Amino acid sequence: QTCFVLGTGGIGQDVALTLARLGVGKIIMLDCDTYDASNLTRQCLGSIEDVGKRKVDAAASNIKAHNIRSQIETVHVDALANWNKVVEIARKCDVIFNGIDLGPMWDFCACSLAKELRIPYIAGQSYDWIFNVEYYSGDPANLCAWCAEAKSESDWISGQFNTHFGLGGDLKYIKERLKAFGEKHKHNSYDAKCITEFLKADKQKFRMDGPTVSVLVNECFEKIGGCAKIGLDDLDKFLGALMHAVVKRLLPGRITKLKEVQFIPHPKHVATRFVGSWVCPCLAAGVLMVSQFANALTGRKDSGAKDPPCNITFDLGWGQTIEEKGHQETARMVQQGIFPADSLSTITEERPRASNPAKKCCMLCTEACKVQPDTQ
């Protein structure tokens, strides 16, 4: 097995370490960051001597003590700016482990890529005492991370991505920031140039970058009426058109043809060291990600072990999954008479499994079905 580890931070390094102990054929690690002193609390393939070094180099050096037989390859590039390199590597791999924290639209890119290439997609994240692990088979007929019930493909896009494009409670704040941006930079109107610059500068919601942003803006201006400028009252229509244009570019069949994906919204977030991620949830997430992969590869079919759960969220502080904790709290509320007696029956659905069928209107899955495996 050739394993592609996207990101060599707190999650990615622990995935690579576990894969090396498992003895997979090849591990390819990709990152563009350098090792910082604050990383020492959670990134297990780095040491004090590695501070200031490239993370992939630190990981490659320190993984030697754990490596049984795996070939190790490292790539130091920006995944957004060099998406074509990510695609090139992924084509040679049997699985993608996503540990890059660039927000939901990045996750969508990686998931779409795995779906088109028909390889498993495994992702992990941690916060405070909690970690989350996702596993999806990559089969176009099976459930993906973005499957949801919807009446139409357009409704599916709106339902899944409205929040990530400011269509909701954030809209009024985006209008305020756009107005302030226009005044500060002396734009006389909200034309394509102003909107493009704003989408690149706004760190709270967008921080879109690269040459494709201006192309998208002009395309959306044309879509909403061929106007040369928009008013603040037209911003929701523009953002709706932008959302559809971005998502459709990232679907299977198109995702592997892109050279860069800097144009996705990837707002700036608080640095991990300030929000409490530490070695225990990171290491637990990394181990479980690899365990899910091994489960799917080697589990006994008659035991159902070859059908891993799609999503596991575990609270180390409580020693429970989020579902178990929720059931316990609901039972307590029922006992106290706060909730009706039948409340527990509504939360006993079986956890979604990797073999579950894809939702009918999930565009990621339906578009993946159209891609012929022999043309990838």
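Shown above is the structure to which this text applies.
Residues numbered from 1 in each chain as written. Predicted model: local features only at pLDDT ≥ 70, side-chain atom pairs only at ≥ 80, totals over all residues. Heavy atoms only, no water.

Student: Please clarify how the packing of helix 7 (residues 192-201) against helix 8 (residues 212-223) should be interpreted in this entry.
Tutor: Axes are the key here: two packed helices are described by the angle between their axes and the distance separating the axes. Put simply, helix 7 and helix 8 touch, their axes get as near as 9 Å, and they point 130° apart. Here helix 8 runs oblique to helix 7, going by the angle between their axes. The element helix 7 and its partner helix 8 pack so that their crossing is right-handed. For the pair helix 7 and helix 8, the contacting residues are A192, I195, T196, L199 and K200 in the first and V213, S214, V217, N218 and F221 in the second. (Axes fitted to C-alpha atoms, helices over the stretch in contact; angles between N-to-C directions. Helix = DSSP H or I, 4+ residues; strand = E, 2+ residues; numbered from the N terminus. Parallel < 35°, antiparallel > 145°, perpendicular 65-115°, else oblique. Left-handed = near helix turned anticlockwise from the far one by under 90°. Contact = heavy atoms within 4.5 Å.)

Student: In this structure, what is going on with the nonpolar core? I would like to understand it.
Tutor: Grouped burial of nonpolar side chains is what soluble globular proteins tend to show. Counting residues in each nonpolar core, the largest one holds 78 residues, and the members touching the most others are F238 and L250. In terms of nonpolar packing, the next biggest core, distinct from the first, is built from 28 residues, V15, L17, I63 and F97 among them. (Core = buried A, V, L, I, M, F, W, Y, C linked by side-chain atoms within 4.5 Å. Buried < 20%, exposed > 50% of the residue type's maximum accessible area, 1.4 Å probe, protein only.)

Student: For this particular structure, what's the right way to read helix 5 (residues 153-161)?
Tutor: Given 3.6 residues per turn, any residue in an α-helix points the same way as the ones three and four places further on. Among all positions of helix 5, only W156, I157, Q160 and F161 are buried. Down the axis of helix 5, the smallest arc covering the buried residues is 100°, so these residues share one side. Those residues of helix 5 hidden inside the fold are in contact with helix 4 (104-117), helix 9 (235-249) and helix 12 (363-370). (Arc of directions from axis to C-beta.)

Student: Can you walk me through unusual backbone geometry in this structure?
Tutor: Glycine aside, negative phi is the norm for most residues, and most peptide bonds take the trans geometry. Even without glycine at this site, D128 takes up a positive phi of about 55°. Within the fold, D128 resides in the loop between strand 5 (121-127) and strand 6 (130-136). Take D128: its relative accessible area is 35%, and that puts it in the partly exposed class.

Student: I keep staring at a nonpolar patch on the surface and nothing clicks. Help me out?
Tutor: Together, L40, I48 and V51 give the surface a local cluster of nonpolar side chains, amounting to about 260 Å² of exposed area. Among the secondary structure elements, L40 is positioned in the loop between strand 2 (26-31) and helix 2 (55-62). (Patch = residues over 30% accessible without salt bridge, like charges linked within 9 Å, V, L, I, M, F, W, Y side chains within 5 Å. Areas by Shrake-Rupley, 256 points an atom, 1.4 Å probe, with all protein chains shown as cover. Salt bridge = Lys/Arg side-chain N within 4 Å of Asp/Glu carboxyl O.)

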